[in-house]
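# Examination of the molecular architecture
These are the residues of each chain, in order.
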Amino acid sequence: MANDKKPTKPRYSSERMKRYFNDPEYRQELLNRGKSFYRIFKYFFFAGLLVFLILLGVYVKYIIDGLPSLEELENPKPELATKVYSYDGEVLGKFFLTKNRSYVSYDEIPPHIISALIATEDKDFYEHWGVTPWRFLRALVKNVLALRLKEGASTITQQLARNLYGLQGSNESPFDKMTRKFREFFTSVQIEKNFTKREILEMYLNTVYFGRGAYGIAAAATVFFNKSTQELTPAEGTLLVGIINGPAYFDPIRHADRSLARRDIVLGQMVKYGKLTQADVDEIKKQPLQFTIDEADGIFGIAPHFVEYIRQQMREKAEKYGFNIYKDGLSIYTTLDSRLQRYANRAVEEHLAEKQPQFNQLWDWNKNIAVLNRGVDRMARQTKMYLRAESAAERDSILAALKSDQHFIDSVKQVMENIEIGFIVIDPHSGGIRAMVGGRNFRSFRYGLNHTTQIRRQPGSAFKPFVYTVAIDNGYPPTYEILNQPVTLMMPDGTRWTPSNFEGDVGGKYTLREGLRNSVNLVAIRMITDGISPKEQVVEYAKKMGINSPIPPYESIALGTAQVTPLEITSAFGVFANEGVRVDPYSIMKIEDKDGNVIEENVPEKREVLSKETSYIMTSLLEDVVNRGSGMRVRNYFHYPAAGKTGTTQDYADAWFVGFTPDLVAGAWVGFDDQAVSFNSADGQGGRAAAPLWGRFMQYVYNDGTIPLPTRYFRQPNGVERDSVCTLSHKLATEFCPEKYEEVFNSKYLPPKCDIHTSSDTTDVGSPIQF
């Protein structure tokens, strides 16, 4: 068979070999060539090695620069959510940026959670020193060969390093992941040097993420089961441990099957490593799991406007004390009572359910086209598309389109028609705010307008008690009579103003008690013009009782034309309930740091601004308003001692009722955000639109036997006495006065005796004719 293989040419020919051995010059030439190649190879080798070492050094420095400092290692500071507590110990809300986290000690963590964690996440936890090098290197080699880096080979300590010091970034590349793994490795070793195994487990369970915004076992226990950590059952604890592996994937609410399957794996691991028996597992699987992801109180809690009110105050205090309300795990103890808050929420919802349909039937947009057009224009200019428009022409085009869009117009109508409410409850003796409903949509609130603190509206007749207080304090008794006659006043702008009564009636006289009970406008005006309650003195009294808003010293303030907030006028009425002592409203009792050290503790300042005698007489007059006057609808719901005053403004735009019992003072404002929209009927009177809300709330609170509010009467001080008054003369009755009624007086300012019925011969004077 022929051999077709081509003969191989020898590398060195015989001639070249002969020449190499016989020609020294040729031999030297070849040697020089070899040395040159070696030098070149040596140069590139060392140059490459130098570059590699430089890059390695840079990379090592890059790794080191990303490691936590020695101080951070010795004093780790995980981000902790700040908690806001109610007066009765309920968590009202939390402040945090991204991590809802609370801290619990190792001793507060049930042993079954510790066992489940170690059996599932790191069975050799007590044997290694933070890392297991052989597992780490094996996983690293496999991942490098696979050209991608998977998670894995992480001990509990490595996971803690990642969670505690923020070593993991978002959208990591394979290079970033590899770098992070090295950092976790070195940090874990340092953690093990600085902390005991017990401390590591405590820190880990307080920092690991469980899903639904819950960082740490305490937050998870609250979010999923509404329990403290100590109360978690083995079924609940092992389920939470299982979630750690993939909080979103094993979410027990959205993916119950996956979560339970993962829990069973955890239980299996505990059996495998001798932490449980199979009988224990079977028993645990029988335990019920009752999740409490409940939005009955709204996704923002029961008192969102109050919590936001707290947040605003804490932002100011942060500058003073240097804390971070979103990261430092503060505890804020507030004055709000969760029980009263829930009753306030209930009363508001029930009141709106009744009043909103009534208003919708009466309001006619066809008669209010100009109001609608202004509303559409205003809200169109607040839309995102309008605000993002880059040119005037584009903005004009957007305005024109929205103004012709019926769907947009209908949505504007809906917003403008909504009745809004501000309802505030205060303890008049301590000044503590006990309940706050800042608006109708408190269940879906997201930093909306707080209608108790952030609006100023005319209080109408609800301001009259300040006018009457001045009169009583000036020595005028409740029996003092004032003409119900028109008066024309010159206003600051040069115009003439002739106020009138609500019903348009004039004539006759009213005592102070009758004038306040029936809310007679002309009587209140004449009290100022006749010098009984000088306007400057009315302003002074209103301010010292708690009104901080500007009050122009005009006669019109008698009818409540000065704008106030619901919070301040409610607090001012609290002076009557507190026997003349003013206590400014406050909401934060105490602030503690995460370790329980007190940062700030507030004790409200108290100062006497009225005499007990004046306060009691005013309370008596205001009781009459509730029992027989404009506030009588309160008695449809609430039948215990109460006093208060209604208020109604022009065109029924604002309805008020501010009232008090011996232990609580509450104010209700009902109206609209757009003041061009109004009730436009008697349904918008304070006695109809606001007083029933107040009555509902008080009924619920006082009928709840768990709330320590005793049923008691207003206490009459020593300086006040009761006496009989002649019905005709409204002076102290004589034995000859045929008709009498009882009245309260300041002992210093008793009226004179009746000068009509002075003897038996005058008994029939002024009496009805007898047939």
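The structure contained in this document is the topic of the report that follows. (Residues numbered from 1 in each chain as written. Predicted model: local features only at pLDDT ≥ 70, side-chain atom pairs only at ≥ 80, totals over all residues. Heavy atoms only, no water.)

## Considerations on the overall build of the protein
- Check the secondary structure of the protein and you find 26 helices and 21 strands.
- Buried residues in the protein amount to 50% of all 771 residues.
- For the protein, the exposed area adds up to about 38300 Å²; of that, 51% sits on carbon and sulfur atoms. (Helix = DSSP H or I, 4+ residues; strand = E, 2+ residues; numbered from the N terminus. Buried < 20%, exposed > 50% of the residue type's maximum accessible area, 1.4 Å probe, protein only. Areas by Shrake-Rupley, 256 points an atom, 1.4 Å probe, with all protein chains shown as cover.)

## Details of the packing of helix α19 (residues 464-473) against helix α23 (residues 566-577)
- For the pair α19 and α23, the least separation of the axes is 11 Å and the interaxial angle reads 30 degrees. Helix-helix and strand crossings are classified by hand; for α19 and α23 the assignment is left-handed. Counted together, Pro-465, Phe-466 and Thr-469 of α19 and Ile-569, Ala-572, Phe-573 and Phe-576 of α23 form the full contact between these two elements.
- Residues belonging to the contact of α19 with α23 are distributed by class as follows: six nonpolar, one polar and no charged. (Axes fitted to C-alpha atoms, helices over the stretch in contact; angles between N-to-C directions. Left-handed = near helix turned anticlockwise from the far one by under 90°. Contact = heavy atoms within 4.5 Å. Nonpolar A, V, L, I, M, F, W, Y, C, P; charged D, E, K, R; others polar.)

## Concerning helix α8 (residues 197-207)
- Among the eleven residues in α8, nine count as buried, and that is most of the element.
- Considered for burial, the residues of α8 that qualify are Lys-197, Ile-200, Leu-201, Glu-202, Met-203, Tyr-204, Leu-205, Asn-206 and Thr-207.

## Examining the sheet that holds strand β17 (residues 643-648)
- Pairing within the open sheet is antiparallel, and its five strands lie in the order β8-β7-β19-β18-β17. Bordering the open sheet on either side are β8 (433-437) and β17, each of which pairs with just one other strand. The average angle at which neighbouring strand axes cross in this sheet is 5 degrees, direction not considered.
- Here β17 runs beside strand β18 (residues 655-660); their pairing, made up of six bridges, is antiparallel. If you follow Ala-643 over to β18, its bridge partner there is Phe-660.
- The strands that helix α26 (residues 691-702) touches are β7 (420-426), β18 and β19 (665-671); relative to β7, the one it contacts most, it runs at about 45 degrees. (Pairing = 2+ DSSP bridges.)

## Focus on the pairing of β18
- The element β18 is largely enclosed, with a buried count of six among its six residues.
- Burial along β18 is two-sided: the residues Ala-655, Phe-657 and Gly-659 and Trp-656, Val-658 and Phe-660 are all buried.
- Here β17 folds back onto β18, and the loop between the two strands holds six residues, one of which, Asp-651, carries a positive phi near 60 degrees.
- Of the strand pairs in this sheet, β18 and β19 are connected by six bridges, and their pairing is antiparallel. The partner of Val-658 across the bridge, within β19, is Gly-667.
- Between β18 and β19, which follow one another and run antiparallel, lie four residues.

## A short note on the side chain of Arg-434
- Tracing the chain through its elements places Arg-434 in strand β8.
- According to the relative accessible area criterion, Arg-434 is buried, its value standing at 9%.
- In terms of polar contacts, Arg-434 uses its side chain to reach the backbone carbonyl oxygen of Thr-335, at 2.7 Å.
- There is a polar contact of 3.3 Å between the side chain of Arg-434 and the side chain of Asp-427. (Polar contact = N/O pair within 3.5 Å; in protein donor to acceptor, adjacent residues only side chain to side chain.)

## A short note on the environment of Gln-685
- Relative to the elements of secondary structure, Gln-685 occurs in the loop between β19 and α25 (686-689).
- Expressed as a C-alpha distance, the spacing of Gln-685 and Asp-654, which sit 31 residues apart in the sequence, is 8.1 Å.
- Apart from residues lying up to four places away in sequence, Gln-685 is in contact with Phe-502, Thr-648, Tyr-652, Ala-655 and Ala-690.

## A closer look at helix α13 (residues 304-321)
- Taking 1.5 Å per residue, 18 residues should reach 26 Å; α13 reaches 25 Å between its end C-alpha atoms and fits that length.
- Among all positions of α13, only Pro-304, His-305, Phe-306, Val-307, Glu-308, Tyr-309, Ile-310, Arg-311, Met-314, Lys-317 and Ala-318 are buried.
- Phi turns positive, to about 80 degrees, at Gly-322, one or two residues after α13. (Expected span 1.5 Å × (residues − 1).)

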